[in-house]
Amino acid sequence: MTRSPYELSIGAEVLARLHPRLRTYFGPVPPGHVGRGAGAFTVVGTPRRWLWPVLALFARDAVMFPVWEQDVPFTVENRPVTVRRGRAGGRDGRPTAGREAHPAVRAHRTFHFRTGDRTMVDAITAEPAGLVDHLGRHGRVSARLAVTVDTDGPDAGALRLASTRVSFHGLGREWSLPAVVSPRVTLTERFDDEADRQRVSLVLSAPVVGTLYRYEGAFRYEIAPDTGRGNT
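Residues numbered from 1 in each chain as written. Predicted model: local features only at pLDDT ≥ 70, side-chain atom pairs only at ≥ 80, totals over all residues. Heavy atoms only, no water.

Observations concerning the packing of aromatic side chains
How we decide: Centres within 6.5 Å are what make two rings of Phe, Tyr or Trp a pair, Trp counting through its six-membered ring; a difference in plane orientation under 30 degrees is then read as stacked, over 60 as edge-to-face, and the rest as tilted. For helices the rule is a DSSP run of H or I covering at least 4 residues; for strands it is a run of E covering at least 2, with both sets numbered from the N terminus onward. Note on classification: 1.4 Å probe, protein chains only; a residue is buried when its accessible area is under 20% of the maximum for its type, exposed when over 50%, partly exposed between these limits.
The tally for this structure, following the rule as stated, stands at 13 aromatic pairs. Seen from their ring centres, F41 and F74 are 3.9 Å apart, and the 15° between their planes marks the pair as stacked. Of the two residues, F41 is situated in strand β1 (residues 33-45) and F74 in strand β2 (residues 68-84); the sequence distance between them amounts to 33 residues. For the pair shown, F41 and F74 are each scored as buried.

A word on the nonpolar core
Counted only if it meets this: Residues belong to a common nonpolar core when they are buried Ala, Val, Leu, Ile, Met, Phe, Trp, Tyr or Cys residues joined through side-chain atoms within 4.5 Å.
Counting residues in each nonpolar core, the largest one holds 46 residues, and the members touching the most others are F41, V44, F65, F111, Y213 and Y215. The biggest single contributor to this core is strand β12 (residues 210-225), with 5 residues.

Re the pattern of salt bridges
The cut-off we apply is this: Within this document, salt bridges are pairs made up of a side-chain nitrogen of Lys or Arg and a carboxyl oxygen of Asp or Glu, the two lying within 4 Å of each other.
Taken as a whole, this structure holds 12 salt bridges when the rule is applied. In this structure, E69 and R114 form a salt bridge, with 3.8 Å as the shortest nitrogen-oxygen distance. Within this pair, whereas E69 is found in strand β2, its partner R114 is found in the loop between β4 (101-113) and β5 (116-127), the two being separated by 45 residues in sequence. Judged by its relative accessible area of 66%, R114 falls in the exposed class.

Things to note about helix α4 (residues 52-59)
Note the threshold: Throughout, the arc means the angular range of directions from the helix axis out to the C-beta atoms. Contacts are residue-level and defined by heavy atoms, with any inter-residue pair within 4.5 Å sufficient.
Among the residues making up α4, those that are buried are W52, L55 and A59. An end-on view of α4 places all buried positions within 55° of arc, on one side of the element. The inward-facing, buried residues of α4 contact β2, β5 and β12.

Focus: the pairing of strand β10 (residues 184-192)
So the rule is basically this: A pair of strands is considered paired only if DSSP assigns at least 2 bridges between the two.
Summarising the sheet, strand β8 (residues 159-170) and β10 pair through 4 bridges and their orientation is antiparallel. The residue bridging R160 from the neighbouring strand is T188, located in β10. Here β10 runs beside strand β11 (residues 197-206); their pairing, made up of 9 bridges, is antiparallel. Each bridged residue has a counterpart across the sheet, and for F191 the counterpart in β11 is Q198. Taken together, β10 and the strand that follows it, β11, pair antiparallel across an intervening segment of 4 residues, in which D196 is found at a positive phi of about 55°.

Some thoughts on the environment of V208
Here V208 lies in the loop between β11 and β12. Its relative accessible area of 90% is what places V208 among the exposed residues.

Side note on the side chain of D150
Cut-off, in case you're wondering: Here a polar contact means two N or O atoms within 3.5 Å. Within protein one must be a hydrogen donor candidate and the other an acceptor candidate, and residues neighboring in sequence count only if both atoms are side-chain atoms.
Among the structural elements, D150 can be located in the loop between β7 (141-149) and β8. A distance of 2.7 Å separates the side chain of D150 from the side chain of R160, its partner in a polar contact. Ignoring anything within four residues of it in the chain, the contact list for D150 reads R17, D155, A156, G157, A158 and R160.

Remarks on unusual backbone geometry
One non-glycine residue, A62, lies in positive phi territory at about 65°. The topology assignment puts A62 in the loop between α4 and β2. Even without being a glycine, D196 presents a positive backbone phi close to 55°. Within the element layout of this structure, D196 appears in the loop between β10 and β11.

A look at the confidence of the model for the protein
Condition: Every residue carries a pLDDT, the predictor's confidence in it, which falls somewhere between 0 and 100.
Model confidence for the protein is summarised by a mean pLDDT of 88, while 91% of its residues fall at 70 or above. Throughout residues 86-98 the model reports pLDDT below 50, and contacts reaching past four residues in sequence, or to other chains, amount to 22 contacts.

Brief notes about the environment of D71
Take D71: it is sitting in strand β2. On the accessibility criterion, D71 (61% relative accessible area) is exposed. Put simply, D71 and G116 are 45 residues apart on the chain and 14 Å apart in space, counted from C-alpha to C-alpha. Discounting residues that sit within four places of it in the chain, D71 has contacts with F41 and T42.

As structure tokens, then:
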């Protein structure tokens, strides 16, 4: 991958405002390499147990999980791939035929819960509409993302992603949710110079209901040669 989805979708003047250490995370992964990180989340999931049956359905496709845990170790692995119209390609990362191809970075985030390991999968793509996050192994849920970078204050250089549209893929077509009922995804990535760690926070919320799911934590990240150890 010569340019990352972020570089293809976001203006150079916006990316230039990123913290220098974040440019590695949002930049391209060179051929023969993989982005790997490890750290811990202070919290993952939701304490609202009445939501867990719904989250269990999303867990089947590696989107989110029916949990509420603290101090959860995790690893992340980012790989360049190609996806077709929001649906992931074959297991080798190649796109399937008959769909428009988009460059992407697929992330596998493995949470080491007390009950066992669970892996969240998503792919960020560069599309004509901008950045789109396709969630799960099959990309059945997609979120179009707006991007901002803080220019001053304590989080100067942080990148924020906020969903502007959420859609579901099924029965051979895409179904978009009306804004008045659509859940909202907000993701913040910033670098903590004092701790020498990247900090991440994700919140999934819905009108009236409020927060449905979240995680936040810190990790160290690097681009390393791909040793063929597989997804984390």
